[in-house]
Amino acid sequence: MTPTPETLSLIQPDDWHLHVRDGDALTSVVPATAGQFGRAVIMPNLRPPVTTAEAALAYRDRIMAAVPEGVRFEPLMTLYLTDRTRAEDIARAKDAGVVAVKLYPAGATTHSDAGVTDLRHARPALEAMQRVGMPLLMHGEVTDAEVDVFDREAVFIERHLHTLRGDFPALPMVLEHITTAEAAQWVAQAPGPTAATITAHHLLYNRGALFVGGLRPHWYCLPVLKRERHRQALVAAATSGNPRYFLGTDSAPHPAHLKEHAAACAGCYTAPQAMALYAQAFEDAGALHRLEGFASCHGPDFYGLPRNAATLTLVRQAQQVPESYPLGAHHIKPLVAGQTLRWRVA
Ligand code: DOR
Ligand code: ZN
């Protein structure tokens with residue numbers, strides 16, 4: 001047995017799925033990510049959503065303005081797919097350096113009301129993306145009220161993914177924040193350029209975490225946490241070394257008063273502890289040696305971008321997580337508020 005390392009140096013990781021919001025909230029949360037990650041794929045679900053190259057570039061400037069002095073961080077911008085996204089919108093986004101397009105089925109999650117109501121409407125955009133090799137990032141859940149909320153990812157795969165993969169064989173596709181054994185398996189076996197991001201919270205927790213000692217809104221996200229057998233399938237996928245799986249925190253900041261609410265917002269705020277949480281999950285699986293591939297190599301390789309030149313060092317040293325952070329005029333609670341984590345960033 002090799003001894004547990006006290007420090008772990010990695011090629012600097014990237015976050016391939018991140019929400020940073022806008023305005024004061026953006027200013028509050030961007031430093032947490034920029035302190036660990038070289039780049040992050042920025043989700044476009046603002047109000048109004050980021051649907052044009054111009055909006056993406058303006059948003060990028062606002063994010064850059066929130067990066068602390070002397071820190072190198074690159075936001076990778078995405079476009080929000082709607083029923084009306086045209087092939088020209090895709091071409092312009094590509095020229096502007098937008099890296100990907102995000103599919104929210106209308107009504108699936110936070111700020112998804114402008115999303116796609118029927119995938120047939122998205123075909124011209126998907127054809128244009130396939131032509132230029134621009135990845136489609138998918139929130140993979142059906143929205144039908146009749147489908148049990150815990151089954152919506154598996155049903156999305158059955159109803160839409162097999163067809164979509166067959167219809168657009170060369171389109172790079174990323175199934176985001178996968179939560180089920182079915183999703184992990186689909187990603188492993190699908191033909192064509194296919195990948196998935198996996199969050200730290202879906203690696204560390206099953207749906208029981210939503211009910212420990214009472215209803216726990218900070219553990220509520222979409223897709224919702226699933227049974228233990230699914231968590232185990234995700235851990236197996238993330239630690240397998242398969243380059244189709246990579247890191248995406250889906251850190252989704254909401255002010256504490258909207259999380260601790262009768263209709264709590266979906267989203268876990270994990271950005272400040274992201275690498276510590278992933279290190280814990282990989283260590284628990286006896287797979288710390290696989291963390292660098294997952295966090296730092298598979299993502300850039302899939303997107304056709306260089307791996308980061310910098311490194312990030314994690315130290316095996318207990319850290320106490322703060323109870324809350326300022327979020328503009330409000331405050332925000334990190335997912336693991338008050339807990340002690342085993343790892344911290346050096
Ligand atoms: O839990 C979630 N929060 N899931 C999503 O898909 C969106 C995100 C958000 O924007 O808050
Ligand atoms: Zn997300």
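What comes next is a walk through the structure. (Residues numbered from 1 in each chain as written. Chains lettered and ligands numbered in written order. Predicted model: local features only at pLDDT ≥ 70, side-chain atom pairs only at ≥ 80, totals over all residues. Heavy atoms only, no water.)

### Focus: the overall build of the chain
Inference 1: Scanning the chain for helices and strands turns up 11 helices and 15 strands.
Inference 2: For a compact globule of 346 residues, the expected C-alpha radius of gyration is about 20 Å, and the chain comes in at 19 Å, within 12% of that figure.
Inference 3: Referenced to the eigenvectors of the C-alpha coordinate spread, the extents of the chain come out at roughly 50 × 45 × 45 Å.
Inference 4: Looking at the chain residue by residue over its 346 residues, the buried ones come to 54%.
Inference 5: Here the contacts in the chain between residues at least 6 apart in sequence split such that 72% fall between residues at least 24 apart.
Inference 6: Counting every atom, the chain has about 13900 Å² of accessible surface; 52% of that belongs to carbon and sulfur.
Inference 7: Computing the positive centroid from 31 side-chain charges and the negative centroid from 34, the chain places the two 2 Å apart. (Helix = DSSP H or I, 4+ residues; strand = E, 2+ residues; numbered from the N terminus. Rg over C-alpha atoms; globule rule 2.2 N^0.38 Å. Buried < 20%, exposed > 50% of the residue type's maximum accessible area, 1.4 Å probe, protein only. Contact = heavy atoms within 4.5 Å. Areas by Shrake-Rupley, 256 points an atom, 1.4 Å probe, with all protein chains shown as cover. Lys, Arg positive; Asp, Glu negative; His and termini not counted. Charge placed at Lys NZ, Arg CZ, Asp CG, Glu CD.)

### Let's talk about the site of ligand 1
Inference 1: In the vicinity of ligand 1 lie 14 residues, with Arg21, Asn45, Thr109, Leu222 and His254 positioned nearest.
Inference 2: Here an oxygen atom of ligand 1 and a side-chain polar atom of His19 are 3.4 Å apart.
Inference 3: Take Leu222: an N or O atom from its main chain is 2.8 Å from a nitrogen atom of ligand 1.
Inference 4: When ligand 1 sits alone it has 290 Å² of accessible area, and the protein chains cover 100% of it.
Inference 5: Here ligand 1 occupies the largest cavity.
Inference 6: Of the residues belonging to the shell around ligand 1, the class tally is four nonpolar, eight polar and two charged. (Near = heavy atom within 4 Å. Polar contact = N/O pair within 3.5 Å; in protein donor to acceptor, adjacent residues only side chain to side chain. 1 Å grid on protein atoms, 1.4 Å probe; cavity = no way out; pocket = protein on both sides within 12 Å on 5 of 7 lines; lining within 4 Å. Sits in = over half its atoms within 2 Å of the grid points. Nonpolar A, V, L, I, M, F, W, Y, C, P; charged D, E, K, R; others polar.)

### Quick word on the coordination of the zinc ion (ligand 2)
Inference 1: Those protein atoms acting as donors to the zinc ion (ligand 2) are His17 (NE2), His19 (NE2) and Asp250 (OD), and they sit at 2.0 to 2.1 Å.
Inference 2: Linear spacing of the donor residues for the zinc ion (ligand 2) on their chain is H-x1-H-x230-D.
Inference 3: A relative accessible area of 7% means that His19 is categorised as buried. (Donors = N, O, S within 2.8 Å, 3.2 Å for Na, K, Ca; no water.)

### As for the packing of aromatic side chains
Inference 1: Under the definition given, this model contains 10 aromatic pairs.
Inference 2: Taking 4.6 Å as the distance between ring centres and 25 degrees as the angle between the ring planes, the aromatic pair formed by Trp16 and Tyr303 counts as stacked. Here Trp16 is found in strand S2 (residues 15–18), whereas its partner Tyr303 is found in helix H11 (residues 291–303), with 287 residues between them in sequence. In this structure, Trp16 and Tyr303 share a single accessibility class: buried.
Inference 3: Between Tyr269 and Tyr325, the ring centres sit 6.4 Å apart and the planes meet at 85 degrees, which makes this aromatic pair edge-to-face. With Tyr269 in the loop between helix H9 (256–259) and helix H10 (274–284) and Tyr325 in strand S12 (residues 325–327), this pair connects stretches of sequence that are 56 residues apart.
Inference 4: Classification of Tyr269 by relative accessible area gives buried; the value is 5%.
Inference 5: Judged by its relative accessible area of 23%, Tyr325 falls in the partly exposed class.
Inference 6: Put simply, the rings of Trp16, Phe246, Phe302 and Tyr303 pair up and form one aromatic cluster.
Inference 7: Residue placement shows Arg207 over the ring face of Phe150; its charged tip is 4.9 Å from the ring centre. (Phe/Tyr/Trp six-rings, centres within 6.5 Å; stacked < 30°, edge-to-face > 60°. Lys NZ or Arg CZ within 6 Å of the ring centre and 35° of its normal.)

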